[in-house]
Amino acid sequence: MSHNTFGHLFRFTTWGESHGPAIGCVIDGCPPGIPLTADVIQRDLDRRRPGQSRFTTQRREPDTVEILSGVFTGSNGQQVTTGTPISLEIRNVDQRSKDYGEIAHSYRPGHADITYDLKYGIRDHRGGGRSSARETASRVAAGAVARQVLASIVGPDVTIRAALVQLGPHAIDRSRWVWDVVDQNPFFSPDGGSVGLFEEFLDGVRKAGSSCGAVVEVVAEGLPAGLGAPVYGKLDADLASAMMSINAVKAVEIGDGMAVAALSGEDNADEIRAGADGNPEFLSNHAGGILGGISTGQPIVCRFAVKPTSSILTPRRTIDSDGREVDIVTKGRHDPCVGIRAVPVGEAMMAVVLADHLLRHRGQCG
């Protein structure tokens, strides 16, 4: 299986399976001298790890990360990157492979079980192997390193934040958006008024043994203009690729996204004036901070939709590996809405794309 690497100058390769002994990643292209400790990475992993509320899988993984290479502690006592590959490992400690015994020879509808088998002639039924959302822990670890790169080169004012803006059919009230609320509820919702509704809805979904989808919005601020390149190195194209590569993501939008089809040219135009500091000042941001594939210096806005988890208790029609028609029920511990824990994953993928494009821009334009 190839294509486990993402990025150009700042790139990472993830490895490991959901029910293997460990997962992790190797990051290549990180500049030297970037402050990096395990604690910095752990902060992001703790936001993604399972079992933190009744609304996520009850698999109990501490997701403790260990830095195996690529850092050095100097005489000043600060641990920094050396410019060599950074290897990160996260041990799996709470696998229950027996939970998947009944589906070892049957394909879950809506899951990658059947395509993995059709392509490779073999699949890991224990949690889905590489197709499991467990793989995203490695992405979050890589994203934490990318954040350090951005902060070191651009400055500490760079922020990358994500929020869950829709759970099933229920969307937040954007007039009540408060970023500080995001980490104060189990849904990563920026609208405190939505939490009660989300709880009631997802409790019903969970008790029914079903699942639901979600929409996550990621916003990056404090980045310079000029990131991205025409024609095949567009920033928005790479962002779309990054978000779509997250397991269970089925749609990606930049800025107003699909909604621009209903706008007029006048409404869609992000008008420009001369700012007080001499830089251009945009009067709106329908484009999501990217024009012609190049960042404008405005907030970069990306949104993605996560499908309902395929592992549900409701019997579904399928076939087994011998081609026989059967019904399938998936037991075990699963997220009733995998989109909730995709919030820090979206932040991580935004961070790695921006770090990569920042290094590419610096290499070309100085």
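You'll find the structure just up there.
In this report, the structure presented in the accompanying data block is examined. In this text, all values refer to a predicted model and were calculated from it rather than measured experimentally.

## Observations concerning the overall build of the protein chain
Within the protein chain one finds seven helices and 18 strands. In terms of C-alpha radius of gyration, the protein chain reaches 21 Å, essentially the compact-globule figure of 21 Å for 366 residues. Each of the 366 residues in the protein chain was classed as buried or not, and the buried ones make up 48%. Restricting the contact set of the protein chain to residue pairs at least 6 apart, pairs at least 24 apart contribute 70%. Carbon and sulfur atoms make up 52% of the accessible area of the protein chain, which totals about 16,900 Å². Side chains of the protein chain carry 37 positive and 43 negative charges; the gap between the two charge centres is 6 Å.

## A look at unusual backbone geometry
Each neighbour pair has its own omega, and for Pro230 with Val231 the value is -5°, a cis peptide bond. Position of Val231 relative to the elements: it lies in the loop between β10 (214-221) and α5 (235-244). One non-glycine residue, Asp63, adopts positive backbone phi at about 55°. Note that Asp63 resides in the loop between α1 (38-48) and β4 (65-67). For Asp63, a relative accessible area of 0% translates into the label buried. The backbone phi angle of Phe188 is positive, close to 60°, even though this residue is not glycine. Checked against the element boundaries, Phe188 lands in the loop between β9 (170-171) and α4 (195-207). Of the residues examined, Phe188 reaches a relative accessible area of 9% and is grouped as buried.

## Regarding the environment of Ala287
Position of Ala287 relative to the elements: it lies in the loop between β13 (280-282) and β14 (290-291). Setting aside residues no more than four positions away along its own chain, Ala287 makes contact with Ile254, Gly255 and Asp270.

## Section: the pattern of salt bridges
Scanning all chains against the criterion turns up 23 salt bridges. Glu135 is the partner of Arg139 in a salt bridge, and the nearest nitrogen-oxygen pair spans 2.8 Å. On the accessibility criterion, Glu135 (9% relative accessible area) is buried. A salt bridge links Asp320 to Arg324, with the nearest nitrogen and oxygen atoms 2.9 Å apart. We classify Arg324 as exposed; its relative accessible area is 51%.

## A look at helix α3 (residues 136-153)
When the terminal C-alpha atoms of α3 are compared, their 26 Å separation across 18 residues agrees well with the 26 Å that a helix rising 1.5 Å per residue should span. Within α3, 14 of the 18 residues are buried, which leaves the element mostly enclosed by the surrounding structure. Where α3 terminates, the next one or two residues include Gly155, which has phi positive at roughly 130°.

## Points about helix α7 (residues 342-365)
When the terminal C-alpha atoms of α7 are compared, their 34 Å separation across 24 residues agrees well with the 34 Å that a helix rising 1.5 Å per residue should span. With 18 of its 24 residues buried, α7 lies for the most part within the structure. One or two residues past the end of α7 sits Gly366, with phi positive at roughly 85°.

## What about the sheet that holds strand β2 (residues 11-16)?
Strand order in the open sheet formed by five strands is β1-β2-β3-β7-β4, with antiparallel pairing between adjacent strands. At either end of the open sheet lies a strand with only one pairing partner, and these are β1 (5-7) and β4. Between one strand axis and the next, the sheet turns by 20° as a mean value, whatever way the strands run. Summarising the sheet, β4 and strand β7 (residues 86-91) pair through three bridges and their orientation is antiparallel. Bridge pairing in β7 links Glu66 to Glu89. The strands touched by α1 are β4 and β7; relative to β4, the strand with the most contacts, the crossing angle is about 150°. Lying over the sheet, α3 contacts β2, β3 (22-28) and β7, oriented at roughly 35° with respect to β3.

## Quick notes on the packing of α3 against α7
The interhelical angle for the contact between α3 and α7, taken along N-to-C directions, is 45°, at an axis separation of 7 Å. By the angle class used here, α3 and α7 are oblique. Taken as a pair, α3 and α7 cross one another with a handedness that is left-handed. Contacts from Thr136, Arg139, Val140, Ala142, Gly143, Ala146, Arg147, Val149, Leu150 and Ile153 of α3 reach α7 at Pro344, Val345, Glu347, Ala348, Met349, Ala351, Val352, Leu354, Ala355, Leu358, Leu359 and Arg362. Tallied by class, residues from the contact of α3 with α7 come to 16 nonpolar, two polar and four charged.

Reading guide: rules and limits
Residues numbered from 1 in each chain as written. Predicted model: local features only at pLDDT ≥ 70, side-chain atom pairs only at ≥ 80, totals over all residues. Heavy atoms only, no water. Helix = DSSP H or I, 4+ residues; strand = E, 2+ residues; numbered from the N terminus. Rg over C-alpha atoms; globule rule 2.2 N^0.38 Å. Buried < 20%, exposed > 50% of the residue type's maximum accessible area, 1.4 Å probe, protein only. Contact = heavy atoms within 4.5 Å. Areas by Shrake-Rupley, 256 points an atom, 1.4 Å probe, with all protein chains shown as cover. Lys, Arg positive; Asp, Glu negative; His and termini not counted. Charge placed at Lys NZ, Arg CZ, Asp CG, Glu CD. Salt bridge = Lys/Arg side-chain N within 4 Å of Asp/Glu carboxyl O. Expected span 1.5 Å × (residues − 1). Pairing = 2+ DSSP bridges. Axes fitted to C-alpha atoms, helices over the stretch in contact; angles between N-to-C directions. Parallel < 35°, antiparallel > 145°, perpendicular 65-115°, else oblique. Left-handed = near helix turned anticlockwise from the far one by under 90°. Nonpolar A, V, L, I, M, F, W, Y, C, P; charged D, E, K, R; others polar.

Bear in mind that shape data such as this cannot, by itself, settle questions of function.
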